[in-house]
Amino acid sequence: MAKERTLVLLKPGTVQRGLIGNVINRFERKGLHLCGMKLMQLTDEVLSEHYAHLAEKPFFQRVKNSMMAAPVVAMCWEGVDAIEVVRTLCGPTNGRAAAPGTIRGDFSMSFQENIVHASDGPETAAVEIKRFFKPEELLDWGSCAHGFTYANDEC
Ligand code: ADP
């Protein structure tokens with residue numbers, strides 16, 4: 001089983017509400033491996049690219065404005081099946097419908113203000129990681145916990 005990398009953004013609401021640590025803790029305690037992390041102010045230009053699949057939606061500009069309302073924390077997490085594991089931890093888009101125990105279910109009351117962005121597939125993850133990180137900002141470092149996180153045949 002190969003390891004994957006995925007892109008996570010902690011949205012401006014998460015930063016403003018003081019929830020950065022709470023959300024990072026969800027990924028850390030699961031056993032995911034942090035490869036890169038930085039605080040960024042996003043622009044309309046990068047968001048138009050990032051949310052291009054929403055360009056025809058009536059809420060497109062509103063979502064972009066929300067993503068520019070404060071900095072975001074951009075992170076790259078690694079692990080076996082990391083893309084799906086992270087999406088499951090986040091829960092569905094609408095925070096009100098997300099189950100307790102998921103990040104959105106525990107911290108969000110909104111469709112739009114839903115705490116976190118996470119890549120939805122391998123192709124998207126590759127493009128999104130490149131969009132937010134230069135290659136030298138992603139570190140390859142060995143986790144001491146690796147042998148206690150996976151069985152030998154899992155990765
Ligand atoms: P996800 O972030 O779960 O992958 P999408 O890619 O469909 O979901 O949408 C991107 C973001 O746009 C969502 O996280 C949310 O902030 C916002 N959004 C999507 N659909 C709606 C909606 N119907 N009403 C308000 N905001 C929405």
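Coordinates for the structure precede this section.
In this report, we go over the structure that sits alongside the text. Nothing here was measured: the structure is a model prediction, and the numbers come from that model. (Residues numbered from 1 in each chain as written. Predicted model: local features only at pLDDT ≥ 70, side-chain atom pairs only at ≥ 80, totals over all residues. Heavy atoms only, no water.)

Near the ligand there are 13 residues, and of these K11, H53, T93, Q112 and N114 occur at the shortest range. At 2.8 Å from an oxygen atom of the ligand is found a side-chain nitrogen or oxygen belonging to H53. Separating an oxygen atom of the ligand from a side-chain N or O atom of T93 is a distance of 2.6 Å. Out of a free accessible area of 530 Å², the ligand has 82% covered by protein chains. Residue classes in the shell around the ligand are distributed as five nonpolar, four polar and four charged. (Near = heavy atom within 4 Å. Polar contact = N/O pair within 3.5 Å; in protein donor to acceptor, adjacent residues only side chain to side chain. Areas by Shrake-Rupley, 256 points an atom, 1.4 Å probe, with all protein chains shown as cover. Nonpolar A, V, L, I, M, F, W, Y, C, P; charged D, E, K, R; others polar.)

This part is about the pairing of strand β1 (residues 3–10). In the sheet, β1 pairs with strand β3 (residues 72–80) via eight bridges, with the strands oriented antiparallel. Within the sheet, the bridge partner assigned to V8 lies in β3 and is M75. Across three bridges, β1 lies against strand β4 (residues 116–118) in antiparallel orientation. Across the sheet, the residue bridging to L10 is V116, located in β4. (Pairing = 2+ DSSP bridges. Helix = DSSP H or I, 4+ residues; strand = E, 2+ residues; numbered from the N terminus.)

Here we take up the sheet that holds β1. Ordered by their spatial adjacency, four strands build an open sheet running β2-β3-β1-β4, and the pairing between neighbours is antiparallel. This sheet does not close on itself; its edge strands, each paired only once, are β2 (33–40) and β4. Ignoring strand direction, the axes of neighbouring strands in this sheet form an average angle of 20°. As judged from the seven bridges shared by β2 and β3, these two strands associate in the antiparallel manner. (Axes fitted to C-alpha atoms, helices over the stretch in contact; angles between N-to-C directions.)

Here the focus is the environment of P135. Structurally, P135 can be placed in the loop between α7 (122–132) and α8 (146–149). Residues P135 and G36, 99 residues apart in the sequence, show an inter-C-alpha distance of 9.8 Å.

For the structure on display, the rule yields six salt bridges. Between K38 and E137 there is a salt bridge; the shortest N-O distance is 2.8 Å. Taken together, the residues span a long stretch of sequence, with K38 in strand β2 and E137 in the loop between α7 and α8 at a distance of 99 residues. Owing to a relative accessible area of 27%, E137 belongs among the partly exposed residues under this scheme. (Salt bridge = Lys/Arg side-chain N within 4 Å of Asp/Glu carboxyl O. Buried < 20%, exposed > 50% of the residue type's maximum accessible area, 1.4 Å probe, protein only.)

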